[in-house]
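Here are the chains, one letter per residue:
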Amino acid sequence: MKHRESPGTRPMVDVARYLGHGLAWVLSTGLFLGLGWLVDRWLGTAPLFTILGAFIGAAAGFYSLYHHLVVEPRQREEEERRKGGDGE
């Protein structure tokens with residue numbers, strides 16, 4: 001038996017989920033940018049590693065976003081399709 005949700009609950013759950021993914025992307029970019037800045041200060045190569053870190057962080061954040069919003073739903077659909085086709 002499925003749990004019933006109140007009519008206004010689902011949009012807030014979706015907003016929180018997508019906001020979390022966006023924040024993860026921003027924090028990933030910021031973390032790698034900060035690490036690049038520290039490496040630049042240590043090596044005296046500003047702004048090389050700062051820019052590189054920002055791009056690596058943004059790419060990692062985008063990959064995470066893509067994986068959670070595109071790849072995982074496809075995998076869940078495929079799994080549900082396989083379970084449904086087994087005659088259960």
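Residues numbered from 1 in each chain as written. Predicted model: local features only at pLDDT ≥ 70, side-chain atom pairs only at ≥ 80, totals over all residues. Heavy atoms only, no water.

Draft legend 1. Looking closely at the pattern of salt bridges. Under the defined criterion, the tally for this structure stands at 4 salt bridges. Its salt-bridge partner being R81, residue E78 comes within 3.2 Å of it at the nearest N-O pair. Highlighted residues: E78 and R81, both in helix α2 (residues 48-85), separated by 3 residues, approximately one helical turn. A relative accessible area of 35% means that E78 is categorised as partly exposed. In this structure R81 comes out as exposed when scored by relative accessible area, which is 53%. One salt bridge connects K83 with E79, and the closest N-O pair in it is separated by 3.6 Å. With a gap of 4 residues between them, K83 and E79 both fall in helix α2, about one helical turn apart. (Salt bridge = Lys/Arg side-chain N within 4 Å of Asp/Glu carboxyl O. Helix = DSSP H or I, 4+ residues; strand = E, 2+ residues; numbered from the N terminus. Buried < 20%, exposed > 50% of the residue type's maximum accessible area, 1.4 Å probe, protein only.)

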